[in-house]
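Structural overview
Each chain, letter by letter, is given below.
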2 protein chains.
Amino acid sequence: MLAEIVTIGDEILIGQIVDTNSAFISQQLNKIGVQVYQITSIQDDREHILQTLNEVSKRANLVLVTGGLGPTKDDITKQCFCEFLGDTLVRDANSESNIRHLFEKYFSKVPTQMNLDQALVPSTATVLINANGTAPGMWMEKEGVVFVSLPGVPYEMKHLLLQQVLPKVIEHFDRPFIYHKTLLTYGMGESSIAERIAVWENALPKHIKLAYLPSLGKVRLRLSSKGVDEKMLHEEVNAQMDQLQTQLKDIAIGYEDETSLVGRIGEVLLKKDQTLSLAESCTGGAIAEEITQHAGVSSFYRGSIIPYATELKTSILGVDAQLIAKYNVVSNPVAEAMAQRSNVLFKTDYAIATTGIAGPAKGDGNDEVGTVCIAIAGPKRVISEKFLFGKVRERVIRKAVNKALELLWYEISKN
Amino acid sequence: MLAEIVTIGDEILIGQIVDTNSAFISQQLNKIGVQVYQITSIQDDREHILQTLNEVSKRANLVLVTGGLGPTKDDITKQCFCEFLGDTLVRDANSESNIRHLFEKYFSKVPTQMNLDQALVPSTATVLINANGTAPGMWMEKEGVVFVSLPGVPYEMKHLLLQQVLPKVIEHFDRPFIYHKTLLTYGMGESSIAERIAVWENALPKHIKLAYLPSLGKVRLRLSSKGVDEKMLHEEVNAQMDQLQTQLKDIAIGYEDETSLVGRIGEVLLKKDQTLSLAESCTGGAIAEEITQHAGVSSFYRGSIIPYATELKTSILGVDAQLIAKYNVVSNPVAEAMAQRSNVLFKTDYAIATTGIAGPAKGDGNDEVGTVCIAIAGPKRVISEKFLFGKVRERVIRKAVNKALELLWYEISKN
């Protein structure tokens, strides 16, 4: 059984938005054993949509289509499905009352005719009521192939997919099991890892695939396998993963999905009843954002100070001005003092501090763009390190975030 | 002339990474008048790659392929190109010395044989040396169709595309002009905008297309046109855009590319020689991160405090504990006090403060998940508003960021 995803929208083809829907749909389909064969992004163009629907129906048993269901004139997906299926649009009473209900509840007003017309659906479609938006989802069939049309708004698409589409897919199709397991590693490059694990990798059975997924200071290693015996599949992949982790125990922090670096840090801090604060200068809130993306962090994370302007490191954080004058604002001693002062200010056990030049312009010091000093202050000691993270602002910040969390992880798991 | 993009990698089809490369490539091709007809994502699978190369060569004049050029065994794009072109791999001397140079400079070590083999390329390919990585880009031709193979690492792909591929595309192909202009609006929904501008929209000439791009509190409105007369194209679209902006002047903040909300805020603050600080509780650094993503903000943005734990609002920020006891931590009076204290602490003219429950768990107060109070304190007055942003943590935070910047914008542009 194969699935394909088709995303419709001019905004994707001109690069105005990044298609995040396909990744989410692929993840979810994989979890229930449905392999995604291809993802195709096309424009809001009648001929192209019809041609694509014809092509995918030759390759796949299940086609998920997102986008083109809005109330405005540029949205034509439903009209195209009618042409493709030889069907006509009819008004769906449940969708219409859903639209009226949503308008009353959230906007306290009556929907316009344009909004009410979102209740028009192909007459043979099974309607999937969208509790979070005015565009209904639709489940359609043609010559044994299932087509599901979903709104392009990620939030609405996700809810419809999880609550209505996946249960129907599970009921409708026989599926094999697919099993992926991904090891998270920090601090070693892709080819150095490949060298170290070469003997093991060459001995991997043919039906288990290894993939390297490198990004800015971390490498994820994914093992994948597919089969009918779920138990054996898990046992085989897990046994290989154990061997892999043994060979990489100095750089592996755990498995993706089960954990993240922030998750692991939180677990250890909670167990020890310890807390964390941040003093972020050049990372400007990016570490705080990374941490607070995870729910439940308020049990160990107390807060942050972002002394973006140099003099605030003294006036608010209380770093000695003479230290800054002596060593320069981007220096290990200043980073260490910032981290220590952060622990005092926030009454925390651990603090991360960053100071550097994210670029593109040079900062108050004499350092090269991309220079970042990171310090970790803990109950027993304070450490710091100076890095050169390249010239691209966004990458400098992202590398500093990953490295700071990696350093913190090694400090708290050691002590 | 039509282009297509093909991204290769199992990690895309199982949803482990989001394909951001396609959006970037599409943007850049559009700027030089090349329309992207389709984006196709496929697996690291020999047959599927060959089949896709065959299909796209029937539809497009230019095909950009990313991914599958890594040093490890799962990467097979080059071998597939050899099969497709009827070619064989040869060692490229310039790529090999580039690899040796990069290893020496950044890792102070000698490359492994696996790394050196990244210098193998199809013998008929024009090699595009990758100054930022070990995988070379390749420009290949078959029966009048140009195929460009680029590494999947976004940073390496971007540099190769901008510095080497685009100049060659401009030289090699005749292209029409494509012109897009996008108006940014905040604070009104898609269908309310559509109703207001219906008369104008219906009168739009056929060759100018309007698209609505809504997302969490903002709607972008894009006009697109294509033609041979660049000057006329710009004049026509700009004239229509003027009419559109006139009708939406209460909600429009400017044009995308030319500006962003943070950019506009920065311009006005700089002109008035005023500064900004943040006191972010429930948004946890997301506003700071949004601001510091923009280069040059240090001229008006001084810093932030993130008093994530309730008692820090008192101990560090200096909000009166009795105020919190009286009104509750998630309340307009507390948000206002936080913003005012932030101005005092950071010696700034304007401050944004947020306090709320991002969820999924309830916070220290009695409020519903999704409740957020936002305050803006300026030289003349302090304002605050209480919102209910739904139940999904990530969306609550994102909506709060957009709304906070919108409120700040209206305050500074009014006063």
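Residues numbered from 1 in each chain as written. Chains lettered and ligands numbered in written order. Predicted model: local features only at pLDDT ≥ 70, side-chain atom pairs only at ≥ 80, totals over all residues.

**Focus: the overall build of chain A**
When helices and strands are counted, chain A shows 16 helices and 17 strands. Considering only C-alpha atoms, chain A reaches an extent of 80 × 60 × 40 Å along its principal axes. Looking at the 415 residues of chain A, the share that counts as buried comes to 48%. When contacts within chain A are restricted to residue pairs at least 6 apart in sequence, long-range pairs at least 24 apart make up 67% of them. (Helix = DSSP H or I, 4+ residues; strand = E, 2+ residues; numbered from the N terminus. Buried ≥ 20, exposed ≤ 12 C-beta atoms within 10 Å, placed from the backbone. Contact = placed C-beta atoms within 7 Å.)

**So, the pairing of strand 11 (residues 218-227) of chain A**
Residue and element names in this part refer to chain A. For strand 9 (residues 177-186) and strand 11, the ladder comprises 10 bridges, and the chain directions are antiparallel. Among the inter-strand pairings, Tyr-179 is bridged to a residue of strand 11, identified as Ser-225. Here strand 10 (residues 209-215) runs beside strand 11; their pairing, made up of seven bridges, is antiparallel. For Leu-213, the partnering residue across the bridge sits in strand 11 and is Arg-220. Hairpin remark: strand 10 followed by strand 11, antiparallel, with two residues in the connecting loop; positive phi at Leu-216, about 35 degrees. (Pairing = 2+ DSSP bridges.)

**Notes on the interface of chain B and chain A**
Counting residues at the interface gives 68 residues for chain B and 68 residues for chain A. Residue composition of the side of chain B that touches chain A, grouped by class: 34 nonpolar, 22 polar and 12 charged. Taken together, the three bridges between strand 2 (residues 35-42) of chain A and strand 2 (residues 35-42) of chain B define a ladder with antiparallel strand orientation. Directly across from Ser-41 of chain A, in strand 2 of chain B, lies its bridge partner Ile-39 of chain B. (Nonpolar A, V, L, I, M, F, W, Y, C, P; charged D, E, K, R; others polar.)

**Side note on the relation of the copies chain B and chain A**
Laying chain B over chain A is done by rotating through 180 degrees and shifting 0.0 Å along the axis; what remains is an RMSD of 0.0 Å. Here the transformation between the copies is reduced to the relation of a two-fold axis. Most of the interface of chain B is mirrored in chain A, where 100% of its interface residues again form contacts. (Least-squares fit on C-alpha atoms with pLDDT ≥ 70 in both.)

**Considerations on the packing of helix 3 (residues 46-59) of chain B against helix 4 (residues 77-85) of chain B**
Residue and element names in this part refer to chain B. At a closest axis distance of 10 Å, the pairing of helix 3 and helix 4 adopts a crossing angle of 50 degrees. The angle between helix 3 and helix 4 places the two elements in the oblique class. Of the two possible hands of crossing, helix 3 and helix 4 adopt the one that is right-handed. For the pair helix 3 and helix 4, contact is made by Arg-46, Ile-49, Leu-50 and Leu-53 and by Thr-77, Cys-80, Glu-83 and Phe-84, respectively. (Axes fitted to C-alpha atoms, helices over the stretch in contact; angles between N-to-C directions. Parallel < 35°, antiparallel > 145°, perpendicular 65-115°, else oblique. Left-handed = near helix turned anticlockwise from the far one by under 90°.)

**Some points on the sheet that holds strand 12 (residues 252-255) of chain A**
Residue and element names in this part refer to chain A. In spatial order, the strands read 10-11-9-12; together these four strands make up an open sheet with antiparallel pairing. Both edges of this open sheet fall to strand 10 and strand 12, since each of them pairs with a single strand only. Within this sheet the neighbouring strands show an average axis-to-axis angle of 20 degrees, counted without direction. On top of the sheet, helix 10 (residues 230-247) reaches strand 9, strand 11 and strand 12; it is set at about 15 degrees to strand 9, its chief contact.

**Describing the environment of Ile-193 of chain B**
Residues and elements named next belong to chain B. As for its position among the elements, Ile-193 is in helix 8 (residues 190-196). The buried category is assigned to Ile-193, around which 21 C-beta atoms lie within 10 Å. Taking the C-alpha atoms as reference points, Ile-193 and Ile-251, separated by 58 residues in sequence, lie 9.7 Å from one another. Aside from chain neighbours lying at most four places away, what touches Ile-193 is Thr-185, Met-188, Val-219 and Leu-248.

**Focus: helix 2 (residues 21-31) of chain A**
Those residues of helix 2 of chain A not exposed but buried are Asn-21, Ser-22, Ala-23, Ile-25, Ser-26, Leu-29 and Asn-30 of chain A. Elements in contact with the buried residues of helix 2 of chain A: strand 1 (2-8), strand 2, strand 3 (62-66), helix 7 (154-172) and strand 9 of chain A together with helix 1 (10-13) of chain B.

**Considerations on the pairing of strand 16 (residues 371-377) of chain B**
All names here are of chain B. For strand 16, the tally of buried residues reaches seven of seven residues, placing the bulk of the element in the interior. Bridge count for strand 16 against strand 17 (residues 382-388) is seven bridges, and the pairing is antiparallel. Paired with Val-372 across the strands is Phe-387, a residue of strand 17. Joining the antiparallel neighbours strand 16 and strand 17 is a turn of four residues.

**Section: the nonpolar core**
Grouped together as the largest cluster of nonpolar side chains are 110 residues, with contacts concentrated most on Met-338 and Ala-339 of chain A together with Met-338 and Ala-339 of chain B. What Met-338 of chain B contacts, discounting residues up to four positions off in sequence, is Ala-279, Lys-313, Leu-317, Val-319, Ala-353, Thr-355 and Ala-375 of chain B. Within the second largest apolar cluster, 39 residues are counted, among which are Leu-29, Ile-49, Ala-125 and Leu-160 of chain A. (Core = buried A, V, L, I, M, F, W, Y, C linked by C-beta atoms within 7 Å.)

**Focus on the confidence of the model for chain A**
Summary statistics for chain A give a mean pLDDT of 91 and a share of 98% for residues scoring 70 or more. Both scores are given for the predicted complex: the pTM is 0.74, the ipTM 0.73. (pLDDT = per-residue confidence, 0-100.)

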